Amino acid sequence: MVLGSFVVDLMARSPHFPEKGETVKSSFFKMGPGGKGFNQAVAAGRAGADLRAAIKLGRDEFAQVALNWMERDGMDKSNVCFSETVPTGAALIMVDDSTGQNMISVFLGASDDFNQADLERLYPEIEACDYLLLQLEINQWALERVITFAREKGVKVILNPAPAAKLPEELFNGLFAIIPNEVEARLITGIPVKETGCEEAARWFFDRGVQNVVITLGGDGVYVNDGVKSRRVPVYASTKAVDTTGAGDAFCGGFLAALGEGRDVFEAVEFGNVVGNLAVRKIGTSPAMPTREEIDAFLNSEEGRR
């Protein structure tokens, strides 16, 4: 299962990011499904995972964006929760046409409103899962209770601690894996994650009960440590990136899908790298996530062999 946020992405591409007080004409605009939880669920499902997606929506027009997408993508809608008082979330995304880099402002809306009734409804589905992937775009009260419940039931919990935030250290105890980027790892541990810093940060997480540490390092690859051995997995060199907005979510979804197929964490990182590499070649977040056919075609291509 992926439990997390849904927001409607409102994305515009411009020649450059506007300076303070500046208005820049955009060359492209698109509205579509997004939110870290939803992006990761789409990525995992398209990559072949037997998936349950749990999100929360408002009773409004933006909610229909999620429901329509789930219908088109063949996603199970039985774990969708609704708020009667809080609207569906939204994200304002600016993409620099010249670099493909992005700036995002997000309103979490209903994603930040999971309550006890929602959790009680989701607990049986969570208990039936092998893996549960979470992020930090739902209310922390619900996040802590879901993690506690899943650990007690023997479900392997994976936490992508994004957007970056300080967390209570007891939250890490018993996590199957944590997947921060270098900024998130530094903010959580206080350790600059460069050169030997990855090893030190991994020890920090291990000392607090995490079983596997995966730190994404952008163009410098991915550091992975299972508590016995560690390695740096390079990313695929590509000049085809057009939009990096959903790269981290694509990686997490691919990582989850690979674990669900019985691969170890190192193999799952390799697979997640492929999913992330393919996602940045398209515009958007959830819509850019590659299908299993696209993933397999890449792995069988000259570019994908290494």
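This one's a predicted model, so the numbers in the text were calculated from it and none came from an experiment.

Analysis parameters
- Here, residues in each chain are numbered from 1, in the same order as that chain's written sequence.
- Local features in this predicted model are restricted to residues of pLDDT 70 or higher, and side-chain atom pairs are both shown and tallied only at a pLDDT of 80 or more, whereas totals for entire chains, interfaces and linings draw on every residue.
- Hydrogens and water molecules were not included; the side-chain quantities draw on all heavy atoms of the structure.
- The helix and strand labels rest on DSSP assignments: H or I over at least four residues marks a helix, E over at least two residues marks a strand, and numbering proceeds from the N terminus.
- Here a polar contact means two N or O atoms within 3.5 Å. Within protein one must be a hydrogen donor candidate and the other an acceptor candidate, and residues neighboring in sequence count only if both atoms are side-chain atoms.
- What makes two residues a contact is simply this: any of their non-hydrogen atoms within 4.5 Å.
- Between N-to-C directions, angles span 0 to 180 degrees; the directions come from axes that are lines fitted to C-alpha atoms, helices contributing only their stretch in contact.
- Angle categories are assigned with fixed cut-offs, so that under 35 degrees is roughly parallel, over 145 is roughly antiparallel, 65 to 115 is roughly perpendicular, and the rest are oblique.
- Throughout, the ten residues Ala, Val, Leu, Ile, Met, Phe, Trp, Tyr, Cys and Pro are labelled nonpolar, Asp, Glu, Lys and Arg are labelled charged, and all others, Gly among them, are labelled polar.
- UniProt positions are given in the numbering used here, feature names are shortened, and annotations may be inferred rather than shown by experiment.
- Burial here depends on accessible area, computed with a 1.4 Å probe over protein chains only, as a share of the maximum for the residue type. Under 20% is buried, over 50% is exposed, and the range in between is partly exposed.
- The definition of a nonpolar core used throughout is a set of buried Ala, Val, Leu, Ile, Met, Phe, Trp, Tyr and Cys residues joined through side-chain atoms within 4.5 Å.
- Criterion used throughout: strands pair if DSSP finds at least two bridges between them.

**Things to note about the side chain of Arg 46**
And then number 1: As for its position among the elements, Arg 46 is in helix α1 (residues 36-46).
And then number 2: Here the side chain of Arg 46 touches Pro 287 through a polar contact of 3.4 Å, landing on its backbone oxygen.
And then number 3: Look past the residues within four positions of Arg 46 in its chain and what remains in contact with it is Trp 69, Asp 73, Ser 286, Pro 287, Met 289, Pro 290, Thr 291 and Arg 292.

**Notes on the packing of α1 against helix α2 (residues 61-73)**
And then number 1: With their axes 12 Å apart at the nearest point, α1 and α2 run at an angle of 10° to one another. One finds that α1 runs roughly parallel with respect to α2. Contact residues: α1 offers Phe 38, Val 42 and Arg 46, while α2 offers Ala 66, Trp 69, Met 70 and Asp 73.
And then number 2: Broken down by class, the residue content of the contact of α1 with α2 amounts to five nonpolar, no polar and two charged.

**So, the UniProt feature "binding site: K(+)" (unreviewed entry) in the chain**
And then number 1: The UniProt record annotates "binding site: K(+)" (unreviewed entry) at Asp 243, Thr 245, Ala 279, Lys 282 and Gly 284. Over a stretch of 42 residues, the named residues converge on one spot in the fold, their C-alpha atoms separated by at most 9.9 Å.
And then number 2: Counting through the fold element by element, Ala 279 comes out in helix α8 (residues 265-279).
And then number 3: The buried category is assigned to Ala 279, whose relative accessible area is 4%.
And then number 4: Its place among the elements puts Lys 282 in the loop between α8 and α9 (292-299).
And then number 5: Setting aside its immediate chain neighbours within four residues, Lys 282 contacts Val 242, Asp 243, Ala 288, Met 289 and Glu 294.

**Side note on the nonpolar core**
And then number 1: Ranked by internal contacts, the top residues of the largest apolar core, which has 52 residues, are Ile 158 and Phe 255.
And then number 2: Elements with a minimum of two residues in this core: α1, β4 (53-58), α2, β8 (131-134), β12 (222-225), α7 (247-260), α8 and α9.
And then number 3: Counting residues per element, this core draws most heavily on α8, which supplies nine residues.
And then number 4: Apart from residues no more than four positions distant in its own chain, Phe 255 is found in contact with Ile 158, Ala 177, Ile 179, Val 214, Val 265, Ala 268, Val 269 and Gly 272.
And then number 5: Grouped together as the second largest cluster of nonpolar side chains are 42 residues, Leu 119, Leu 167, Phe 205 and Val 213 included.

**Remarks on the sheet that holds strand β3 (residues 28-34)**
Each strand in a sheet pairs with another by means of backbone hydrogen bonds, the pair being arranged parallel or else antiparallel.
And then number 1: Strands sit in the order β3-β2-β6-β7 across an open sheet of four strands; the sheet is mixed. Each end of this open sheet is capped by a strand with a single partner; those strands are β3 and β7 (102-109). Strand-to-strand twist of the sheet, defined as the mean angle between neighbouring strand axes without regard to direction, takes the value 15°.
And then number 2: Note: strand β6 (residues 88-96) against β7, seven bridges, orientation antiparallel. Residue Ala 91 lies in a different strand from β7, and its bridge partner there is Val 106.
And then number 3: α2 contacts β2 (7-14), β3 and β6 of the sheet and is inclined by roughly 75° relative to β3.

**Quick notes on the UniProt feature "active site" (unreviewed entry) in the chain**
And then number 1: The UniProt record annotates "active site" (unreviewed entry) at Asp 249.
And then number 2: Structurally, Asp 249 can be placed in helix α7.
And then number 3: For Asp 249, a relative accessible area of 4% puts it in the buried group.
And then number 4: Ignoring anything within four residues of it in the chain, the contact list for Asp 249 reads Lys 36, Asn 39, Gln 40, Ala 43, Asn 160 and Met 289.

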